[in-house]
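Report on the structure
Given next are the chains, with one letter for each unit.
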Amino acid sequence: MLLTSLVEKLDCATLQGDLNIDITDIAFDSREVTKGSLFVAVTGFTQDGHHYIQKAIELGAVAVVVEKDVAAADSVTVLKTADTRIALALLAARFYDHPSEKLNLIGITGTNGKTSTTYFLKSILEQAGRKTGVIGTIGAKVGNQSLKTKSTTPTTPESLHLQHMFADMVESGVQDCVMEVSSHALSLHRAAASRFKIGVFTNLTPDHLELHRTMEEYFEAKSMLFDLTTDFNLINLDDEFGRKLSQKVAGYDTKLVTYGITDEATIYATDIRYGPDYTTYTAHTPAGHVDIRVNLPGLIYVYNSLAAVACAYCSGIDLELAAAGIHAVESIKGRLEVVYQDEDRKIIVDFAHTEDSLEKALSTLRPFTKGRLILVFGVYAAPGQLGSGKRESMGKIAAQHADFCVVTTDNPKDQDPDTIIAEVSSAVRAAGGQYTGIVDRKEAIRYAIDMSQTNDVILIAGKGHETTQIIGKTEVPFNEAEIVGEIMAEHTNSTSKKV
Ligand SMILES: CC(=O)N[C@H]1[C@@H](OP(=O)(O)OP(=O)(O)OC[C@H]2O[C@@H](n3ccc(=O)[nH]c3=O)[C@H](O)[C@@H]2O)O[C@H](CO)[C@@H](O)[C@@H]1O[C@H](C)C(=O)N[C@@H](C)C(=O)N[C@H](CCC(=O)O)C(=O)O
Ligand SMILES: Nc1ncnc2c1ncn2[C@@H]1O[C@H](COP(=O)(O)OP(=O)(O)OP(=O)(O)O)[C@@H](O)[C@H]1O
């Protein structure tokens, strides 16, 4: 594509060089530059792409987009713009011919529930016979086929990769794409230049405050999705920030549809009944009502599946198909997943890693726990005041809702595990909880299993579907379902030896 056509809509100044040159590819990482590329220099958190311009030119870049004044060889064209992350998104969308506009693109944002809602919605769309793409924490998929991505690809990929994925989906005949949109992605403009038919807001509770600093900033970041939607803004009316958002977008051209468990919402649930491993309810929409059975326990799965029903309604899908789609989801990896069960105990793995989700996971399990509720958990949070706040609040929730806590590591990264555990344990103690601290997460799980008795339920919270722990800069394999299996096999062997 000619550079002049690529930058047609970009607000930029030409500092040097010719615009009538052919651009064969775009890169924001010098290591990925190929001959004929346009290199976009991004100012990062740890590095500065402007320092890699020379490297990019050596690898074949013929043009560079910058946001700072830099010296570059006369042989390349240099364009300057105010924000290169925004420029990257606009250029990528143009390069791939605006693929998001050719999809029924549904973006889901919120602190919790994005992945689960995505699972339900994908299943509904497939029941309706539509070829569906998914982009999120579980990777990028078309049907059951995973798209190739780097292991470091975030929940919401960088704009260049995102537009490439959309283009591949369009080419392979995908009609609907369901995508998790993180607040990081919105703040860093990864989704800018994407057009969403539907935007969904699940909820907002404290998380990621190392990036957003205050809840207000976090809310503003999440709200950015609703400036990118064209047809429907679908918002959880029972969430405090959902209400605030619905007031904010009420005057927008995009239609506001709310969901919740009171008939104040456009789409709402009644007759909710909970079982140990399922939930049933009736979903009411302006197109009629339908009985829903979700194969997961708890109110949060009423909300997540109701959000999916609401998307189905907005996409013109028959409500019976929506119900069938939700019923077809047998389980979700790492979401209240029962990884072991015998007549004595039940062991559950869940991705709860915020105070709100931990409280909800424990309260969901409590009514179906005849013995004790034993919690194994860790807290990863930024150093300093913000991090300490998260450790304190999660420790308090744990003490209030679990009968015994085994405090361990989550992803300690470069922070001292003993300090993290001491901070969490002190919050558990202050709230009157029973606990022990064990740094090694596998040993912590073993401790919980060893202390468990008939009718106890063990909840291992924080890692969910993840299969590694990040300790220092190293990713160590850590598959909780397998680890529980190993420990239980050792138990069975030692019991049978005694017999
Ligand atoms: C904190 C954060 O979001 N970081 C993102 C940010 O990285 P950064 O600013 O640190 O980049 P950097 O390493 O400083 O490099 C700056 C620039 O120099 C370039 N560079 C660097 C080295 C080199 O040799 N050559 C070169 O050109 C880099 O490609 C980059 O463009 O910009 C990068 C490029 O745009 C992103 O890939 C990277 O996301 C990383 C992978 C990440 O882990 N992000 C997480 C925190 C994230 O986004 N999480 C959300 C939240 C999920 C949730 O809800 O839990 C997500 O969507 O996954
Ligand atoms: N609607 C909800 N409200 C509160 N907590 C929830 C809700 N849905 C799920 N959770 C909790 O949050 C955890 C993560 O759920 P899910 O993966 O669906 O959210 P997510 O938004 O994709 O999270 P992340 O951005 O961290 O990947 C679950 O394991 C569960 O404990």
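Note that the structure is a prediction, hence the values are computed from the model and not measured.

In the neighbourhood of ligand 2, 23 residues make up the surrounding shell, with Gly 113, Lys 114, Thr 115, Phe 351 and Ser 357 lying closest. Mapped onto the shell around ligand 2, the elements with two or more residues apiece are helix H4 (114-127), helix H10 (299-314) and helix H12 (355-365). When grouped by side-chain class, the residues that make up the shell around ligand 2 number five nonpolar, 12 polar and six charged. Per-domain counts for the shell around ligand 2 show at least three residues from each of domain 2 (99-327) and domain 3 (337-498).

Turning to the site of ligand 1, a few remarks are in order. Taken together, 20 residues lie around ligand 1, and Asp 29, Gly 44, Pro 154, Thr 155 and Ser 182 are the ones closest in. Tallied by class, the residues present in the shell around ligand 1 amount to seven nonpolar, 10 polar and three charged. When residues of the shell around ligand 1 are sorted by domain, at least three fall in each of domain 1 (3-95) and domain 2 (99-327).

Examined at the domain level, the protein breaks down into domain 1 (3-95), domain 2 (99-327) and domain 3 (337-498). For domain 1 and domain 2, the distance between their C-alpha centres works out to 33 Å. Here the side of domain 1 that touches domain 2 gets seven residues from one element, more than from any other, and that element is helix H3 (residues 84-95).

With that settled, consider unusual backbone geometry. For residues other than glycine, phi is negative in most cases, and the peptide bonds are mostly trans. With a phi angle near 60°, His 189 is a residue other than glycine that sits in the positive phi range. Secondary-structure assignment places His 189 in the loop between helix H6 (183-187) and strand E11 (196-201). Exposure remark for His 189: the 19 C-beta atoms within 10 Å place this residue in the partly exposed category.

One open sheet holds the five strands; their spatial order is E1-E5-E4-E3-E2, and the pairing between them is mixed. For this open sheet the edge positions go to strand E1 (12-16) and strand E2 (25-27), each flanked by a neighbour on one side alone. Going across the sheet, the axis of each strand differs from the next one's by a mean of 25°, ignoring polarity. Bridge count between E1 and strand E5 (residues 77-81): four bridges; the pairing is antiparallel. Residue pairing for E5: Cys 12 is matched across the bridge by Thr 81. Across the sheet, H3 lies against E1, E2, strand E3 (37-40), strand E4 (63-66) and E5, angled at about 155° from E3, the strand it touches most.

Thresholds applied
- Residues numbered from 1 in each chain as written.
- Chains lettered and ligands numbered in written order.
- Predicted model: local features only at pLDDT ≥ 70, side-chain atom pairs only at ≥ 80, totals over all residues.
- Near = placed C-beta within 6 Å.
- Helix = DSSP H or I, 4+ residues; strand = E, 2+ residues; numbered from the N terminus.
- Nonpolar A, V, L, I, M, F, W, Y, C, P; charged D, E, K, R; others polar.
- Domains from an automatic or database assignment.
- Buried ≥ 20, exposed ≤ 12 C-beta atoms within 10 Å, placed from the backbone.
- Pairing = 2+ DSSP bridges.
- Axes fitted to C-alpha atoms, helices over the stretch in contact; angles between N-to-C directions.
- Contact = placed C-beta atoms within 7 Å.

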